[in-house]
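What follows is the residue order along each chain.
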Amino acid sequence: MENVMDGKTFCPAAAFEMLTGLTRTLQIVNQASWLETFQALWISAFHLVQRAKDPVAGPIPYTESRLSMLLSMVPLSIRPLLKEENHASINVGTSPSRKQSFMTCLQSLTQLVSLLDPPQPVVSAANDAATKASMVVMDFKKENTNMIVPQNYSTKAVGNLLHLVVESCIARDLIDTSAYFWPGYVVPCMVPEDFDMMPIDECPWSNFMQGAPLTKSLQSVLMAIPAPSVTELKKLNHLALHGSEEERSAAPKILCGASLKLGWNIQEHVVHIAVKLLSPQISLTSPVIGDANHYLSHLHMLASLLSCLSCHTVIHILALYGMIPEVVAALMPLCEAFGSFPPPSTNQSNAIEEVSAYSVFSFAFLFLLRLCKFHGPDKEPHPYICGAPARPDLKLDFLLLMRDSRIGNNCTTSMKNYLNNVVDLFQELRCHSVHVDMFPKLHAWYFENQAYLAPGILCNCNPNRMHHVSNKILIFVCRNMNKGKWPISGSGSSCSTITSTSSSTSSTSIGSASGSPWSIYEDEYLNTPLYPAWELLEAVPRVLEAILTACARGQISSCDLTTGLRDLVEFFPASIAAIICYYKAEITRGEWESVPLNGIDWPSPEDCLNSFGLEVKEVLESVGVHIESWSPHDAPPMLPLPLAAFLSLTITFKLDKNSEYTRVVTGQAIANYATISPWPVTSAIGALWARKAPRWHDFLVFLGVRSCFTNDKDAITQLLQSCIKSFLGPSSGDSNYMTSTRGVVGLLGESVCNSRAMGPGFLFLHTCHVFHAPYYFSEVILKLVVEWACKLADERSNRGSTKLKFGQPSLAIAISAVRQVAMLGTSLLCMAGRSPLVRVLFEDTLPIFLLSKREERCKPMTSICNILEGYALSYLLFFSTAMMWGVRTESAPDKSGSSKMSPHVITSHLDFITRVLEGTIELRCDPAMWKAHVSSFVGLIIRFSPGWVLGTKLDVLKQLSSTLRGWQECDLALSLLELGGTRAIEDALELL
């Protein structure tokens with residue numbers, strides 16, 4: 001649940017849909033009441049918000065996205081659970097209803113004083129919510145009790161997160177305003193009338209709805225205050241499409257301001273409108289990529305919208321609503337269209353903040369790059385997929401397939417679920433299949449990048465045209481080379497020398513510019529390479545190869561190389577994509593020589609290199625991970641030339657808001673290279689950036705920590721061992737048994753504000769997506785769960801007798817502890833790899849474990865140890881399946897008559913059990929463990945998910961029931977046949 005709530009992840013479905021299924025499953029398997037389940041859900045969300053200022057989460061805190069989890073996702077996830085009960089025909093008896101449990105849960109949250117403290121950005125909103133409730137209560141008392149209040153006083157109340165939660169639940173019809181009268185909910189205090197609360201008639205949104213012009217001051221206020229209702233959103237949507245040029249530019253900024261980030265009561269509607277605006281309506285006869293004039297008419301609106309949607313916080317909010325595939329599909333035609341437009345006719349700046357075809361293309365293209373992971377190494381996981389395993393296919397084609405799978409009945413299912421009655425207020429997103437090959441230029445660039453080729457080098461364009469564009473860019477990049485801080489090595493170095501040399505010796509041929517290239521510098525307009533954006537992107541790799549070759553030969557200095565590339569990025573921000581992809585390809589090829597970071601030719605991290613490594617080691621040791629120490633080296637670190645050039649380029653970018661767009665893309669790329677690189681490279685990157693951005697120091701140290709788990713299997717094992725140990729606490733014989741922390745606090749740590757005091761579970765949450773050995777990871781989880789089950793059995797056996805007997809309390813306690821270990825192992829497994837890793841567990845890890853000979857233990861295996869190991873296997877398999885696919889409590893076929901009632905892994909494992917029982921497969925494990933596993937696994941299915949039995953073959957049911965009857969498990973055998981339906985009735989009667 002913690003991983004689903006993390007604002008940095010993207011769920012294939014909306015996060016609230018996943019939370020609904022997860023909450024339902026946990027309530028069943030934990031046999032908890034709905035009151036306990038709702039309390040656990042809210043407490044988890046409150047904890048997430050309190051960690052919003054965690055420094056290791058990244059350079060930018062994600063307070064808004066985590067607040068969205070608490071105030072939007074959780075209420076939206078609870079609504080289906082309450083509606084299920086309303087539509088159910090069953091009699092709940094004397095137990096409290098879900099609605100009653102939910103109301104009681106909200107009232108009990110007032111006791112969580114330490115968790116209700118609001119983050120600084122929402123203190124005012126919390127106070128307003130409390131004041132609103134206080135005023136309602138006061139007005140009610142005035143009308144019904146004739147209470148007299150002095151006219152020069154007004155009611156004010158100090159609010160907390162609970163007041164925001166209640167307002168969000170009221171907005172979604174989960175509760176009503178009677179919550180304002182709960183005991184202790186409002187603690188009013190009397191203050192003078194001049195309390196700085198904005199009168200209703202002076203609300204800026206009221207002025208906006210009354211037709212006030214969108215001045216700069218009104219725009220700023222509207223961006224800072226969330227819209228009160230959907231009506232205001234409708235008007236913003238209309239202005240964005242049909243208003244004046246100023247209104248078209250201002251409306252998206254207002255929409256994506258506080259209304260999107262802090263407007264939790266209407267956030268799903270804001271997300272829908274914002275994504276829809278990316279695809280402004282065109283004629284039905286227009287092609288998929290859109291009409292040029294149509295897109296140009298929305299130029300200012302799209303530029304404003306893209307700049308707002310591409311910030312960190314908004315991306316995470318879009319991901320929480322599962323809208324990343326829709327955004328990707330909307331960005332592709334924008335990239336294709338604006339990348340093909342001719343350049344501006346006048347010599348104007350084309351930086352990212354300017355509105356032009358270049359700027360809109362750069363916004364859209366870099367936005368697409370961030371979402372689809374063009375820039376990362378092949379083994380880099382996707383950061384917006386919840387717990388995505390390390391697979392290279394989670395990219396553009398995967399996201400498009402995900403989007404197309406949602407299309408049905410002319411709209412997406414997820415949008416219908418949470419827009420409900422207001423879906424007809426806006427035209428739905430364009431619901432047609434989108435494929436990469438619909439966009440020829442994007443298609444060519446994407447698949448060249450996928451094939452690890454420098455995009456553009458093998459393009460099918462006119463060679464003469466490409467030479468001309470390449471030379472124009474080369475002249476632009478080299479125009480100030482003689483003005484660099486370091487002199488150019490070689491007396492004959494010039495732009496023409498670079499061009500002719502690179503064309504004659506490298507694989508990419510670039511013809512020399514006609515005439516003297518230096519004479520062109522006198523004409524600033526001619527010096528600017530004005531071509532369509534796609535042509536510039538195709539030509540950039542040729543230029544990079546030329547100047548990188550010249551730098552390797554000493555014809556130009558590294559400073560000149562960095563300065564020229566920085567000028568290119570400032571002129572055409574989207575060129576950073578081509579730069580990243582070219583350097584990625586060259587680093588992968590490994591054909592360039594390494595250069596020393598000595599502070600002369602390339603920047604040196606020597607002054608903080610050793611201290612950086614020591615800090616990384618301290619963090620690892622604090623969570624119980626010990627690896628080989630990194631001894632300091634006298635020689636400067638060495639990096640491949642392309643990586644050194646790219647690193648030098650990244651540290652020249654400013655850290656202001658204007659350069660954030662390109663800096664984020666380059667930062668992601670350099671962080672990914674740091675994560676997968678060997679330690680000397682990682683430490684050099686981290687040390688240089690720590691000196692560049694001291695306030696990101698802890699985050700950079702954390703990147704160094706992550707790199708240790710990329711290829712070091714022993715470090716992964718130690719971290720997993722530490723997670724289980726911290727969760728269970730020390731053994732009963734340990735001197736710290738009574739005083740040590742355990743459970744969730746021991747796992748995640750008491751405080752995460754200090755990266756040196758974090759828990760091993762918290763480190764696991766932020767590093768599990770870099771594990772690149774799924775088979776090994778699954779094997780380690782299985783073995784650790786089994787080992788801890790045996791360890792628990794040994795501890796119980798040592799408490800008096802050498803053998804535990806059934807019916808003794810100590811056995812029940814041991815089984816409960818084994819269940820906790822298995823549940824933790826399930827959480828770790830599902831967070832690291834989700835369903836693919838669960839399939840690996842069933843199809844590979846478990847059969848190999850059962851078919852292989854166990855290693856000899858120093859201490860003889862007892863019978864209870866074998867039994868608890870069997871229980872541990874069953875719990876791990878059942879819980880992991882339930883977490884991924886949910887449980888099915890209905891034992892009757894559904895209305896559709898579908899025969900596929902159970903996940904494939906369950907049916908395949910039951911088939912495996914049957915083949916073993918028939919003697920087809922011979923196991924090497926202890927018979928007691930196998931018997932305990934089969935009986936407990938079948939028992940878990942019957943007890944918690946009887947609907948899975950309907951999807952099981954009849955022959956399998958017969959074999960299982962026959963075996964269970966032979967083991968004197970007649971009740972289990974009969975229950976299994978009963979759940980098999982009419983097809984198994986004869987065997988059930990025979991058993992009776």
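Per chain, the residues get numbers from 1 upward, laid out in the order the sequence is written. A pLDDT threshold of at least 70 governs which residues receive local features in this predicted model, and a stricter bar of 80 or more applies before side-chain atom pairs are shown or counted, although totals over entire chains, interfaces and linings include all residues. Only hydrogens and water are set aside; all other atoms, that is, all heavy atoms of the structure, feed into the side-chain values.

The name given to the chain in an unreviewed UniProt entry is Mediator of RNA polymerase II transcription subunit 33A, with the source organism recorded as Rhynchospora pubera.

This part takes up the overall build of the chain. For helices the rule is a DSSP run of H or I covering at least 4 residues; for strands it is a run of E covering at least 2, with both sets numbered from the N terminus onward. When helices and strands are counted, the chain shows 43 helices and six strands. When each of the 992 residues of the chain is scored for burial, the buried share is 57%. By the convention used here, residues are in contact when the closest approach between their heavy atoms is within 4.5 Å. Restricting to contacts in the chain with at least 6 residues of sequence separation, those with at least 24 account for 79%. With the model as given, the accessible surface of the chain reaches about 40900 Å², and the carbon-plus-sulfur share is 53%. Only protein chains enter the accessibility calculation, which uses a 1.4 Å probe; a residue whose area is less than 20% of its type maximum is buried, one above 50% is exposed, and one in between is partly exposed. Accessible surface is estimated by sampling points in the Shrake-Rupley manner with a 1.4 Å probe; for residues, cover comes only from the protein chains shown.

What follows concerns the state of the cysteines. Here, two cysteine sulfur atoms that lie within 2.5 Å of each other are counted as a disulfide. The final tally for this structure, using the stated rule, is one disulfide. Covalently, cysteine 790 is tied to cysteine 865 through a disulfide, its sulfur atoms 1.9 Å apart. An S-S torsion of about -120° defines the bridge between cysteine 790 and cysteine 865 as left-handed. One end of the pair, cysteine 790, is in helix 36 (residues 774-797); the other, cysteine 865, is in helix 38 (residues 863-885), with 75 residues separating them in the sequence. One exposure class covers both cysteine 790 and cysteine 865, and it is buried. Here cysteine 169 stays free of any disulfide, with the sulfur of cysteine 105 as its closest cysteine sulfur at 9.3 Å.

What follows is about the confidence of the model for the chain. On average, residues of the chain score 77 in pLDDT, and 74% of them reach the 70 mark or higher. What pLDDT expresses is the predictor's confidence in each residue, scored from 0 to 100. The least confident element of the chain, judged by mean pLDDT, is helix 24 (residues 517-520) at 32; the most confident is helix 7 (residues 161-171) at 95. The low-confidence segment residues 283-290, where pLDDT is below 50, has 15 contacts with residues more than four positions distant or belonging to other chains. This stretch, residues 895-900, has a pLDDT under 50; its non-local contacts, to residues over four places away or in other chains, come to two contacts.

Below, the discussion takes up the packing of aromatic side chains. Two rings from Phe, Tyr or Trp (for Trp, the six-membered ring) form a pair when their centres are within 6.5 Å of each other. A pair whose planes differ by under 30 degrees is stacked, one over 60 is edge-to-face, and the rest are tilted. In this structure the tally under the stated criterion is 26 aromatic pairs. Here tyrosine 582 and tyrosine 583 contribute two aromatic rings whose centre-to-centre distance is 5.9 Å and whose plane-to-plane angle is 55°, an arrangement assigned as tilted. Residues phenylalanine 878 and tryptophan 948 carry aromatic rings whose centres are separated by 5.4 Å and whose planes lie at 55° to one another, so their mutual orientation is tilted. Within this pair, whereas phenylalanine 878 is found in helix 38, its partner tryptophan 948 is found in the loop between helix 40 (927-944) and helix 41 (954-966), the two being separated by 70 residues in sequence. Of the residues examined, phenylalanine 878 reaches a relative accessible area of 0% and is grouped as buried. When its relative accessible area of 2% is taken as the criterion, tryptophan 948 is described as buried. Taken together, the ring pairs in this structure connect Tyr358, Phe361, Phe365, Trp445, Phe476, Trp534, Phe571 and Phe572 into an aromatic cluster.

Now for the pattern of salt bridges. Should a side-chain nitrogen of Lys or Arg be within 4 Å of a carboxyl oxygen of Asp or Glu, the pair is scored as a salt bridge. A complete count under the given rule lists six salt bridges for this structure. Glutamate 586 is paired through a salt bridge with arginine 589; the nearest N and O atoms lie 2.6 Å apart. With glutamate 586 and arginine 589 both in helix 27 (residues 575-589), this residue pair falls three residues apart, about one helical turn. A relative accessible area of 36% places arginine 589 in the partly exposed class.

Turning next to the nonpolar core. Remark: nonpolar core denotes a set of buried residues (Ala, Val, Leu, Ile, Met, Phe, Trp, Tyr, Cys) joined through side-chain atoms within 4.5 Å. Trp42, Phe709 and Phe764 are the most contacted members of the largest nonpolar core, which totals 311 residues. Sort the elements by how many residues they give to this core and helix 37 (residues 809-851) lands first, with 22 residues. Setting aside residues no more than four positions away along its own chain, phenylalanine 764 makes contact with Leu719, Leu720, Cys723, Phe771, Phe777, Leu828, Met831 and Ala832.

Below, the discussion takes up the packing of helix 17 (residues 324-338) against helix 19 (residues 396-406). Contact geometry for helix 17 and helix 19: axes closest at 8 Å, N-to-C directions at 110°. With respect to helix 19, the axis of helix 17 lies roughly perpendicular. Only Leu396, Leu399, Leu400, Met402, Arg403 and Arg406 of helix 19 make contact with helix 17, whose side of the interface consists of Ile324, Pro325, Glu326, Val328, Ala329 and Met332. In the contact of helix 17 with helix 19, the residues fall into nine nonpolar, no polar and three charged. Note on method: axes are straight lines fitted to C-alpha atoms, helices fitted across the in-contact stretch only, with angles between N-to-C directions ranging 0 to 180 degrees. Roughly parallel means an angle under 35 degrees; roughly antiparallel, over 145; roughly perpendicular, 65 to 115; everything else is oblique. Classification used: nonpolar for Ala, Val, Leu, Ile, Met, Phe, Trp, Tyr, Cys and Pro, charged for Asp, Glu, Lys and Arg, polar for all others including Gly.

Right, let's talk about the environment of serine 683 for a bit. Mapped onto the fold, serine 683 is located in helix 31 (residues 679-692). For serine 683, a relative accessible area of 4% puts it in the buried group. Between the alpha carbons of serine 683 and serine 707 there is a distance of 9.7 Å; along the sequence they are 24 residues apart. Ignoring sequence-local partners within four residues, the contact set of serine 683 consists of Leu609 and Phe612.

Before going further, it helps to spend a moment on helix 27. To estimate how far a helix should extend, the number of its residues minus one is multiplied by 1.5 Å. The end-to-end C-alpha distance of helix 27 is 21 Å, a good match for the 21 Å that 15 residues give at a rise of 1.5 Å each. Most of helix 27 sits inside the fold, with 12 of its 15 residues counted as buried. Within helix 27, burial applies to Ser575, Ile576, Ala577, Ala578, Ile579, Ile580, Cys581, Tyr582, Tyr583, Lys584, Ala585 and Glu586. The first or second residue beyond helix 27 is glycine 590, which carries a positive phi of 70°.

Trans peptide bonds make up most of the peptide bonds, and negative phi angles are found at most residues other than glycine. For glutamine 31, which is not glycine, the phi torsion reads 50° and is therefore positive. With phi around 65°, glutamine 968 is a residue other than glycine that occupies positive phi space. With respect to the helices and strands, the residue glutamine 968 is situated in the loop between helix 41 and helix 42 (970-979).

A word on a nonpolar patch on the surface. The residues that make up patches have over 30% relative accessible area and no salt bridge, and they are joined within 9 Å when like-charged or within 5 Å when they are Val, Leu, Ile, Met, Phe, Trp or Tyr. On the surface, a nonpolar cluster with roughly 250 Å² of combined accessible area is contributed by Val136, Phe140 and Phe181. In this fold, phenylalanine 140 is placed in helix 6 (residues 123-145). A relative accessible area of 43% places phenylalanine 140 in the partly exposed class.

Another aspect to go through is the packing of helix 38 against helix 40. The contact between helix 38 and helix 40 brings their axes to 7 Å, and the two run at 40°. Where helix 38 crosses over helix 40, the handedness of that crossing is right-handed. Within the contact between the two elements, helix 38 uses Asn866, Ile867, Glu869, Gly870, Tyr871, Leu873, Ser874, Tyr875, Leu877 and Phe878 and helix 40 uses Ala928, Met929, Ala932, His933, Ser936, Phe937, Leu940, Ile941 and Phe944. Counted by class, the contact of helix 38 with helix 40 contains 13 nonpolar, five polar and one charged residues. In a left-handed crossing the near helix is turned counterclockwise from the far helix by less than a right angle, and in a right-handed crossing that turn is clockwise.

This part takes up helix 9 (residues 216-224). Along helix 9, the positions that sit buried rather than exposed are Leu218, Gln219 and Leu222. Seen from one end, helix 9 has its buried residues packed into an arc of 100°, which puts them on one side. Among the exposed residues of helix 9, those pointing more than 90 degrees away from its buried face are Lys216, Ser217 and Ala224. In the core, the buried residues of helix 9 are packed alongside helix 8 (204-209) and helix 11 (245-255). The arc in question is the one traced by the directions running from the helix axis out to the C-beta atoms.

With respect to the helices and strands, the residue threonine 767 is situated in helix 35 (residues 760-767). A residue is classified by how much of its surface remains accessible, and threonine 767, at 0% relative accessible area, is buried. Contacts of threonine 767, omitting those with residues within four sequence positions, involve Phe702, Arg706, Phe709 and Leu719.

Secondary-structure assignment places threonine 37 in helix 3 (residues 34-50). Looking at threonine 37, the relative accessible area reads 8%, which means it is buried. In this structure, threonine 37 is in contact with Thr23, Gln27 and Ala32, ignoring residues within four places of it in sequence.

Once that is clear, we can look at the environment of leucine 960. Along the chain, leucine 960 falls in helix 41. Judged by relative accessible area, which is 2%, leucine 960 ranks as buried. Measuring from C-alpha to C-alpha, the distance between leucine 960 and leucine 976 comes to 8.3 Å, with 16 residues separating the pair along the chain. When residues no more than four places from it in sequence are discounted, the contact partners of leucine 960 are Leu910, Ile913, Thr914, Leu917, Val934 and Leu976.

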